[in-house]
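Below, each chain spelled out in residue letters.
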Amino acid sequence: MAKANQVKLYDTTLRDGAQSEGISFSVIDKLNIARKLDELGIHYIEGGYPGSNPKDIEFFEKTKSLKLKHSLLAAFGSTRRPHSKTETDVNILPLVSCGAKVVTIVGKSSERQVTQVLETTPEENLNMIADSVRYLKAQGFTVFFDAEHFFDGFKANRTYALSTLSSAAEAGAECLILCDTNGGTLPDEVTEAVKAARKATGAVPLGIHAHNDAELAVANSLAAVRAGATHVQGTINGYGERCGNANLCSIIPSLQLKMGISSLTDERLSRLAEVSRAISEIANLAPNPYQPYVGASAFSHKGGLHVAAISKWEESYQHINPELVGNRKRIVVSELSGRRNIIFKAKEMGVELPAQGKEAQQLLEQVKLLESRGFQYDNAEASFELLVRR
């Protein structure tokens, strides 16, 4: 497993996240998100592909005057085309002049993808990877290699998948990112493949880029770190194409609070919920209240038994202190409540009810009666306050 302070966080909200259905960031949106990620302390911010559209071209032009305190801006691109000259290739040229210091190059690691999608030979694909990495290194860039479809390719032909990593490593790539592009790999398969990649490539750092099509992107990212990956890619709130990308809002606190791998300071970690909400607002999407760690309901308690327990011991029904990630505990009132729910919520409203008094019990009975008739109080706190004050 990676040692503390060795995992680098790479955010791709501005590129992969923007591929989420329903999201369309303006240039101003992208600049504002970059600032929020920088405040959080993300190590690398992937801004997009400078040659793909006018918006990304303008974004990279404006970032030349963007002062980031903690983050490095990365540009995304692909290897040169088959049988073309790297120095004049249309995939490569926009990267050279974009102004970013880090370039992430994506190349195929699945032999079938090479022959059926790129329609070239496995040997030429290895040349494309090596030539692209070598050329960008010679231009002074830090170069990362995204091994697209690596896990599917590894299952089909592990020798070839590993050879794509070796080609990138020998050409000078400073990190090899193993991509679960279709999002269908299981955690034990990730572990096996990462260990094999580590054996094949030696000391070159490995990374993980997971998609969430089987709802395993976070689990797969953590499994990769346990197996030796020291670079984790993902997006805020898990935004991304199809079912989304690995959610950094879950990965970061899981690494830090569960695995002892601190990639952010405690103070920056406590901003996580605020950053999650801010980027939801910029994306013009309602925050997911049920999102782990940062959602409004992540630490809400409705059952009477639960509330009675946490009033005595907070950790009885909470896996962490919510304040560590900038969230808070919430007590909800409903027909499933007990007296402790009533007393807690009334106190929030400035009304002290004695623990052994009859008022709390009477209010609880009234809530249960009214909810049996169709009322609902768990998301109607003003209605409950009227009940309390009456």
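All values reported here derive from a predicted model rather than from experimental measurement. All residue numbers refer to position in the chain's written sequence, counted from 1. In keeping with the model being predicted, local features are shown solely for residues with a pLDDT of at least 70 and side-chain atom pairs are shown and tallied solely at 80 or more, while totals for entire chains, interfaces and linings include all residues. Heavy atoms throughout the structure, all of them, feed into the side-chain values; hydrogens and water do not.

Engineer: What's the story with the overall build of the chain in this structure? I'm lost.
Structural biologist: Numbering of helices and strands starts at the N terminus; helices are DSSP runs of H or I of at least 4 residues and strands are runs of E of at least 2. A tally of regular secondary structure across the chain gives 16 helices and 10 strands. The buried share of the chain, taken over its 390 residues, is 55%. The long-range fraction of contacts in the chain, counting pairs at least 24 apart against all pairs at least 6 apart in sequence, stands at 73%. Per element, the accessible surface of the chain, about 17,600 Å² overall, is 49% carbon and sulfur. Think of it in three bands: residues with accessible area under 20% of the maximum for their type are buried, residues over 50% are exposed, and the middle band is partly exposed, with areas taken using a 1.4 Å probe on protein chains only. We call two residues in contact when some of their heavy atoms are within 4.5 Å. For the area figures, the Shrake-Rupley method with a 1.4 Å probe applies, and any residue is considered shielded solely by the protein chains shown.

Engineer: In this structure, what is going on with the pattern of salt bridges? I would like to understand it.
Structural biologist: Where charged atoms from two side chains of opposite charge come close, those side chains can pair. By definition, a salt bridge exists where a carboxyl oxygen of Asp or Glu is found within 4 Å of a side-chain nitrogen of Lys or Arg. Summed over the entire model, instances satisfying the criterion amount to 17 salt bridges. For Glu148, the salt bridge goes to Lys108, with nearest N and O atoms at 3.1 Å. Remark: Lys108 occurs in strand 4 (residues 102–108) and Glu148 occurs in strand 5 (residues 142–148); sequence separation between them is 40 residues. Residue Glu189 is joined to Lys155 by a salt bridge in which the shortest nitrogen-to-oxygen separation is 3.6 Å. Taken as a pair, Glu189 in helix 8 (residues 187–201) and Lys155 in helix 6 (residues 150–156) lie far apart in primary sequence, 34 residues in all.

Engineer: What's the story with unusual backbone geometry in this structure? I'm lost.
Structural biologist: Phi angles above zero are rare outside glycine, and Glu215 is one such case at about 55°. Tracing the sequence through the fold places Glu215 in the loop between strand 7 (206–210) and helix 9 (217–226). Here Glu215 falls in the exposed class, since its relative accessible area comes to 67%. Phi angles above zero are rare outside glycine, and Asn284 is one such case at about 60°. Of note, Asn284 is situated in the loop between helix 12 (272–282) and strand 9 (300–301). A relative accessible area of 68% means that Asn284 is categorised as exposed.

Engineer: What should I look at first to understand the side chain of Thr63 in this one?
Structural biologist: Relative to the helices and strands, Thr63 is located in helix 2 (residues 54–63). Of the residues examined, Thr63 reaches a relative accessible area of 10% and is grouped as buried. Within 3.5 Å is the distance limit for a polar contact, defined as a pair of N or O atoms, with the added protein rule that one can donate a hydrogen and the other accept it, and that residues adjacent in sequence qualify only through two side-chain atoms. There is a polar contact of 2.7 Å between the side chain of Thr63 and the backbone oxygen of Phe60.

Engineer: I keep staring at the pairing of strand 4 and nothing clicks. Help me out?
Structural biologist: Successive residues of a regular strand alternate their side chains across the two faces of the sheet. For strand 4, the tally of buried residues reaches seven of seven residues, placing the bulk of the element in the interior. On strand 4, burial covers both faces: Val102, Thr104, Val106 and Lys108 on one face and Val103, Ile105 and Gly107 on the other are all buried. Should DSSP find at least two bridges between two strands, the strands are taken to pair. Bridge count for strand 4 against strand 5 is seven bridges, and the pairing is parallel. What sits directly across from Lys108, in strand 5, is Glu148.

Engineer: Even after reading the chapter, I still don't get the packing of helix 1 (residues 27–40) against helix 12, so can you show me in this structure?
Structural biologist: Relative orientation and spacing of two packed helices are given, respectively, by the angle between their axes and the distance between those axes. Think of each axis as a best-fit line through the C-alpha atoms, taken over the contacting stretch in the case of a helix, with angles from 0 to 180 degrees between the N-to-C directions. At a minimum axis separation of 10 Å, helix 1 and helix 12 run at an interaxial angle of 175°. Between helix 1 and helix 12, the angle is such that the two are roughly antiparallel. Residues Asp29, Asn32, Ile33, Lys36, Leu37 and Leu40 of helix 1 form the contact with helix 12, whose own contacting residues are Leu272, Glu274, Val275, Ala278, Ile279 and Ile282. Relative orientations are named as follows: roughly parallel for angles under 35 degrees, roughly antiparallel for angles over 145 degrees, roughly perpendicular for angles from 65 to 115 degrees, and oblique for any other angle.

Engineer: Is there a simple way to explain the environment of Thr159 in this structure?
Structural biologist: As for its placement among the helices and strands, Thr159 is situated in helix 7 (residues 158–171). By relative accessible area, which is 60% here, Thr159 ends up exposed. Distance in space between the C-alpha atoms of Thr159 and Glu111 is 9.9 Å, their sequence separation being 48 residues.

Engineer: Which parts of the structure should I look at to understand the packing of aromatic side chains?
Structural biologist: Each aromatic ring pair is specified by the distance between its two centres and by the angle formed by the two planes. Whether two aromatic rings pair depends on their centres lying within 6.5 Å, for rings of Phe, Tyr and Trp, where Trp uses its six-membered ring; planes under 30 degrees apart make the pair stacked, over 60 edge-to-face, and the rest tilted. This structure, assessed with the given rule, holds six aromatic pairs. Relative to Tyr44, the ring of Tyr10 has its centre 6.1 Å away and its plane inclined at 40°; by these criteria the two rings are tilted. In this pair, Tyr10 is assigned in strand 1 (residues 8–11) and Tyr44 in strand 2 (residues 44–46), connecting sequence segments 34 residues apart. On the accessibility criterion, Tyr44 (14% relative accessible area) is buried. Taken together, the ring pairs connect Tyr10, Tyr44 and Phe144 into an aromatic cluster. Above the plane of the ring of Phe76 lies Arg15, whose end atom (NZ or CZ) is 3.6 Å from the centre. Definition used: whenever NZ (Lys) or CZ (Arg) falls within 6 Å of the ring centre and also within 35 degrees of the ring normal, the charge is taken to sit over that ring.

Engineer: Would you take a moment to explain the nonpolar core for this structure?
Structural biologist: Nonpolar side chains tend to gather and get buried jointly when the protein is soluble and globular. Remark: nonpolar core denotes a set of buried residues (Ala, Val, Leu, Ile, Met, Phe, Trp, Tyr, Cys) joined through side-chain atoms within 4.5 Å. One finds Phe150, Leu165, Leu176 and Leu255 to be the most contacted residues of the largest nonpolar core, which totals 87 residues. With residues up to four places along the chain from it excluded, the contact list for Phe150 reads Ser109, Ala161, Leu162, Leu165, Leu178, Cys179, Ala193 and Ala197. Residues Tyr10, Val102, Cys175 and Cys179 belong to the second largest nonpolar core, which totals eight residues.

Engineer: Would you mind going over the side chain of Ser109 with me for this structure?
Structural biologist: Looking at the secondary structure, you find Ser109 in the loop between strand 4 and helix 4 (111–118). Within the structure, Ser109 has its side chain in polar contact with the side chain of Thr164 (distance 2.6 Å). Sequence-distant contacts of Ser109, defined by excluding residues within four places in its chain, comprise Phe145, Ala147, Glu148, His149, Phe150, Gly153, Tyr160, Ala161 and Thr164.

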